There are 2 protein chains.
Amino acid sequence: MAKIGVLLSGCGVYDGAEIHEAVLTLLYLDKAGADILCLAPDMDQLDVLNHLTGQPMAEKRNVLVESARIARGNIQNIRDFTAADLDGIILPGGFGAAKNLSNFAVKGTKAEVHPEVKRLLNEMVQAGKPIGAICIAPATLTKALSGIQPEVTIGDDSKMSSAIEAMGGRHRIATVEEICVDLPHKLVTTPAYMLGPSIKNVAVGIENLVMKVLELASS
Amino acid sequence: MAKIGVLLSGCGVYDGAEIHEAVLTLLYLDKAGADILCLAPDMDQLDVLNHLTGQPMAEKRNVLVESARIARGNIQNIRDFTAADLDGIILPGGFGAAKNLSNFAVKGTKAEVHPEVKRLLNEMVQAGKPIGAICIAPATLTKALSGIQPEVTIGDDSKMSSAIEAMGGRHRIATVEEICVDLPHKLVTTPAYMLGPSIKNVAVGIENLVMKVLELASS
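As a convention, each chain's residues are numbered from 1 in the sequence order in which they are written. Chains carry letters from A onward and ligands carry numbers from 1 onward, assigned in written order. Local features are withheld for residues below a pLDDT of 70 in this predicted model, meaning they are given only at 70 or higher, and side-chain atom pairs are given and counted only at 80 or more; totals for whole chains, interfaces and linings count all residues. Heavy atoms from the whole structure form the basis of all side-chain values; hydrogens and water molecules are not counted.

Per an unreviewed UniProt entry, chain A is named Enhancing lycopene biosynthesis protein 2, and its organism is Syntrophus gentianae.

Now the structure itself:
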């Protein structure tokens, strides 16, 4: 039974993990019989947005605590885990992946990746274990792994594609149902809500991603 | 194309809508081609719980604003809609369904149902339109519709079953993959996380519920 980490970044598309993408990841992992370990960094969110109005809210929320909503409380601090604990890891998207796991949403190509996220992702590559990244998460993945020129997709947006290339990655266009596989580095990415338009489309790409990560985890 | 309401109660199993159940409802509705309208009441949550520790947090959150996280901002105030706007409605579970949509979690069989929720559910029955209720939501449904002796399931818990009967309902035991159908009143219920154990099991019952609600909406 492969043990797959799911790295969350809060709870809600505009300031945390994209909820549909996170839940679909859990669904397809569970259906395939994987052992799931939800992880998140213990840190304040970059911001808190009212998802009804899109406006900032004058409050603080913690990434690990909010991520626990998606994980039904069954979640651990990323700090306490290494690549030895996992057979693979998947990062759902949502702005949290580019506001909390890194600050790409604010600093663009000059982004810094959260140190524990950077550590674990590099450990996974060094251990030859697969990483899946969904939606905007491949931007954070690229920045974390810029030394190896990762090949990823964020859909078909030319600005995003240029940012990926500027951070040392290689971008490949993909549809919402497709995955991009960087086989030498065992990286699997899919555009999800970067393209949408709706949950049924996103679900196809995420199921493909999950199945490929599991295949690579056992190869 | 059937237009189906999804009535949310916050965002997180312990104080709001159960996120997996809500997202699976959206997934199967979208896959079946339904037109989805997310709704929630504009009110403070009964409480806010830290989902990592289970402890109360000293803050206020609004049910409509937090539900918007699950709906990706695409959600409306239940107050502004009547049964004429919908072909069916589904209530995901989570404690929010018994803390916010009603106060069953606090007052048990003496619970009061939120007035707008009670209004809309009764309108749906009077209009002969189907209602789906998941997990603990059938308790709120029963209280709202006690006059018609609704037949529902909350799984196999004898205490919950007794509470349903005490509120004027009729309880039927069901497994997590099964649905209970009260055909005369077009009510469809499934235990979901009242039984679990995991998302793949819950998904089967919710897909069955969604398909039956859609069938009843077009009959």
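1. Thoughts on the relation of the copies chain A and chain B
Test applied: Our superposition of the copies is a least-squares fit, built on the C-alpha atoms of residues whose pLDDT is at least 70 in both. By definition in these notes, contact holds between two residues if any of their heavy atoms fall within 4.5 Å.
Superposing chain A onto chain B requires a rotation of 180 degrees together with a translation of 0.0 Å along the rotation axis, leaving an RMSD of 0.0 Å. Seen this way, the second copy is the image of the first under a two-fold rotation axis. Minimal C-alpha separation from the rotation axis in chain A is found for A:Val23, amounting to 3.5 Å. A share of 100% of the interface residues of chain A reappears at the interface of chain B, consistent with the copies meeting face to face through the same patch.

2. What to know about the UniProt feature "domain: DJ-1/PfpI" (unreviewed entry) in chain A
For the record, the criterion: UniProt positions are given in the numbering used here, feature names are shortened, and annotations may be inferred rather than shown by experiment. Numbering of helices and strands runs from the N terminus; a helix is a DSSP stretch of H or I covering at least four residues, while a strand is a stretch of E covering at least two.
UniProt's feature table lists "domain: DJ-1/PfpI" (unreviewed entry) at residues 15-144 of chain A, given in the numbering used throughout. Helix makes up 38% of residues 15-144 of chain A and strand 13%, whereas the separation of the span's terminal C-alpha atoms amounts to 20 Å.

3. With respect to helix H2 (residues 63-70) of chain A
Residues and elements named next belong to chain A. Formally: The buried label applies to any residue whose accessible area, calculated with a 1.4 Å probe on protein chains only, is under 20% of its type's maximum; exposed applies above 50%, and partly exposed to all values in between. Here a polar contact is recorded for every N or O atom pair within 3.5 Å, except that within protein the pair must consist of a potential hydrogen donor and a potential acceptor, and residues adjacent in sequence are included only if both atoms are side-chain atoms.
In terms of burial, H2 is largely enclosed, as eight of its eight residues are buried. Buried within H2 we find Val63, Leu64, Val65, Glu66, Ser67, Ala68, Arg69 and Ile70. The backbone nitrogen of leucine 64 lies 2.8 Å from a side-chain oxygen of the residue at the head of H2, namely asparagine 62. A positive phi of about 55 degrees marks arginine 72, the residue just after H2.

4. A word on the sheet that holds strand S8 (residues 180-182) of chain B
All names here are of chain B. Put simply, the rule reads: Two strands qualify as a pair provided DSSP detects at least 2 bridges between them. To obtain each axis, a line is fitted to C-alpha atoms, and for helices this fit is confined to the stretch in contact; angles are then taken between N-to-C directions over 0 to 180 degrees.
With respect to topology, seven strands assemble into an open sheet ordered S3-S2-S1-S4-S5-S9-S8, the strand pairing being mixed. With one partner strand each, in any of the chains shown, strand S3 (75-77) and S8 form the two edges of the open sheet. Each neighbouring strand pair of the sheet contributes to a mean axis angle of 25 degrees, computed without reference to strand direction.

5. Considering the side chain of B:Ser9
All names here are of chain B. Inspection of the secondary structure puts serine 9 in the loop between strand S1 (3-7) and helix H1 (19-31). Polar contacts involving the side chain of serine 9 include one to the main-chain amide nitrogen of alanine 97, which spans 3.3 Å. For serine 9, the residues in contact, after removing those within four places along its chain, are Asp15, Gly16, Ala17, Val63, Ser67, Gly93, Gly96, Ala97, Asn100 and Leu101.

6. Digging into the packing of helix H1 (residues 19-31) of chain A against helix H8 (residues 199-217) of chain A
All names here are of chain A. Put simply, the rule reads: Under this scheme an angle from 65 to 115 degrees is roughly perpendicular, one under 35 degrees roughly parallel, and one over 145 degrees roughly antiparallel; angles in between are oblique. Crossings are classed by handedness, with left-handed meaning an anticlockwise turn of the near helix from the far one by less than a right angle and right-handed meaning a clockwise turn. Each residue is assigned to one of three groups, with Ala, Val, Leu, Ile, Met, Phe, Trp, Tyr, Cys and Pro labelled nonpolar, Asp, Glu, Lys and Arg labelled charged, and all others, Gly among them, labelled polar.
At a minimum axis distance of 9 Å, the contact between H1 and H8 shows a crossing angle of 45 degrees. Taken together, the axis directions place H1 and H8 in an arrangement best described as oblique. Remark: the crossing between H1 and H8 carries right-handed chirality. Side by side, H1 and H8 meet where His20, Glu21, Leu24, Thr25, Tyr28 and Leu29 of the first sit next to Ile199, Val202, Ala203, Ile206, Glu207, Val210 and Leu214 of the second. Partitioning the contact of H1 with H8 into residue classes produces nine nonpolar, two polar and two charged.

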